[in-house]
Every structure is written in structure tokens, then in C-alpha cells.
Amino acid sequence: MEQVEVINRVDLDCLTEITLEGQNTYLGEVRNFKTNQALEKRIPEDISISWSALPAGGVLKEHYHPCASFLIITEGEGRSLGDTVVDVKAGDVVYIPKWNLHGFEGKGENGFKALSIQFQSTAIFESEEKPETTYFDRESIPLEERQLRIIARDELPSIHEAIVNGQKHCLGTLKNFSSNNILAEAFPKNFSCSWVRLENGQTLSPHTHEEDSMIILTEGEGLFKTDRKFKLEHGDIVVVPKGASHGFSTEEETSF
Ligand SMILES: [Fe+2]
Ligand SMILES: [Fe+2]
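Participant: Help me understand the overall build of the protein in this model?
Facilitator: Per the secondary structure count, the protein includes two helices and 19 strands. Over its C-alpha trace the protein gives a radius of gyration of 19 Å, about what one expects of a compact globule, namely 18 Å for 256 residues. Overall, the protein is about 55 × 35 × 35 Å in size when its C-alpha atoms are taken along their principal axes.

Here it is, written out as C-alpha cells:
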């Protein structure tokens, strides 16, 4: 049986700038999951995922991509620049259509952290040879067809328990991204994602799945529970191979 593995955000290579079209471009922090071998092995070829961060006042200047992109804001706050100027905060899923001119600025005390996801093999800003990014003027697509769409966590319905074989199991608070039409349409069929919150001593009993999955701790801390037990913290990426038992618990004072 393959084991559960944990890789923290800080263990991933960090890119802070890149040369694009001859210009040095500030990126804040970009940490591509596939720079880690265990993650590279697990994540399907046509999915790219990175942690990204911008400090308060940090600006990722306006640009656009030939592919759509999703930014899941996990901490803090910021503002988008470009075709759509809108404030974003922790819990927002930002759908960035292809060719949308966008940049971001970190706001508040500490700017923001986010997960950036693309459904193709190359991550944005993965390499200087193929940055998947351009700062040149593009042919125009009507503005209304390339606006950012923001899906706030509070808009998604919550599920609190599951009944499996007649037995009730606590799920904490679970919000499926696919309960939103925009996200359900934009995600490929082999990808699903949800927010999960455990708090005040809630426990997710050990269980298994028939698919590979990844649990990313965006806030708080807790315990991983199954045949072994260990502490999980903020920024941890828990890789759960199919068939591997996994459960989680929190103490009164902690949550994730
Ligand atoms: Fe971008
Ligand atoms: Fe699970």
C-alpha cells in the first residue's frame, strides 16, 4: 500500500521573478507543486498547480494567457488589475478566462496567498522558455467575454455529514466547488475540489477513496489520523494515494 506523504509549501522551489520578453518581471512568490518529485509523480500531466503569494503593496503586473486559470485565495486580501478591477479575499475562487488582461496587487497587512491552477501540462511562469504568458497587446475579444468571475466561499452550499452503509459520518463543513455552475462547467471531468473546515474538536473518521487526492491546509492546524498520527500545519500538502486510509481531527482551540 502506498503511503500518505506530506510536503509543506516552504519545501517547494520558490520563483520570485522571471524574464519575459526581455523584461525582468516580479512574481511575488510562485512555488510549482511539480518541482517536488512526490507531487510530480501524483499530479496528472494535464493539471498544473502552484502556491502563489503577493505581499502587501506587491504588484504582479498586467498580462494574459492563452489558457484559463483559477486562483483560489487561501489567505489575506488583494485587488485585481486589468480588464476587471475587483477586491479579492480569502475564500474567493477567481476564474480568469483565457485572454483576460489581469494583474494583482497584495492588500491589507500581509497581502495574499493563493493556489493557482491550470488545466494543461505547463504551469504559468514555469519556465522562461515557455512562460505561457505574454505582455504584448492582443487581438481584441469582447470585454464582457473575458471578465474575471469571483465565486466566494459563502456562496457555496454546505454539507455537514455523509451516510455511508447506514452510518452517519461527520464531514465538518464541506463546500463542493462543482455546486457552482461556472466552476462545474470550467473544471475538467476528472477534477473535483472542495473547501473543508473542521473546528472545535471535529473529527473526520479514517476512510479511503478509489481516486488519488490531495488535501491542502490553507489555515490553522490539526492532526492526521489513521494507522499513524502526526501534526499538520498551515501550508501542508497531504498526498493521499488511492486506497490509503486517512482521517483528520482538530483540538478545541485549533481548526483547519
Ligand atoms: Fe496570470
Ligand atoms: Fe478523504
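Participant: Looking at this structure, I do not really get the domain arrangement of the protein. What am I missing?
Facilitator: Size of an interface: often given as the accessible area lost when the parts come together. Assigned domains of the protein: these are domain 1 (5-152) and domain 2 (155-249). Just the C-alpha atoms count here: the centres of domain 1 and domain 2 sit 24 Å apart. Of the residues lining the interface, 21 residues belong to domain 1; the matching set on domain 2 comes to 18 residues. Where the side of domain 1 that touches domain 2 is concerned, the elements lending two or more residues are strand E1 (5-8), helix H1 (37-42), strand E6 (69-82), strand E8 (92-96) and strand E10 (149-152). Broken down by element, the side of domain 1 that touches domain 2 gets its largest block of residues, four residues, from E1. By residue class, the composition of the side of domain 1 that touches domain 2 is 14 nonpolar, two polar and five charged.

Participant: Any chance you could explain the sheet that holds strand E13 (residues 194-197) here in plain terms?
Facilitator: By definition, the strands of a sheet pair up through backbone hydrogen bonds, in either a parallel or an antiparallel sense. Across the sheet, three strands lie side by side as E11-E12-E13; this open sheet has antiparallel pairing. The two strands at the open ends of the sheet, each matched to only one other strand, are strand E11 (159-164) and E13. Averaged over neighbouring strand pairs, the angle between their axes works out to 50 degrees when direction is ignored. In this sheet, E13 lies alongside strand E12 (residues 167-176) in antiparallel orientation, the contact comprising four bridges. Bridging across to E13, asparagine 176 finds its partner in serine 194.

Participant: Honestly, the sheet that holds E1 in this entry has me stumped. Any pointers?
Facilitator: If you trace the three strands from one edge of the open sheet to the other, you get E1-E18-E15, paired in antiparallel fashion. With partners counted over all chains shown, the strands left at the sheet margins are E1 and strand E15 (213-216), one partner each. Ignoring which end each strand starts from, the neighbouring axes of this sheet average 20 degrees apart. Relative to strand E18 (residues 236-240), E1 runs antiparallel, the two being bridged by four bridges. Of the residues in E18, the one forming a bridge with asparagine 8 is aspartate 236.

Rules behind the numbers
- Residues numbered from 1 in each chain as written.
- Chains lettered and ligands numbered in written order.
- Predicted model: local features only at pLDDT ≥ 70, side-chain atom pairs only at ≥ 80, totals over all residues.
- Helix = DSSP H or I, 4+ residues; strand = E, 2+ residues; numbered from the N terminus.
- Rg over C-alpha atoms; globule rule 2.2 N^0.38 Å.
- Domains from an automatic or database assignment.
- Contact = placed C-beta atoms within 7 Å.
- Nonpolar A, V, L, I, M, F, W, Y, C, P; charged D, E, K, R; others polar.
- Pairing = 2+ DSSP bridges.
- Axes fitted to C-alpha atoms, helices over the stretch in contact; angles between N-to-C directions.

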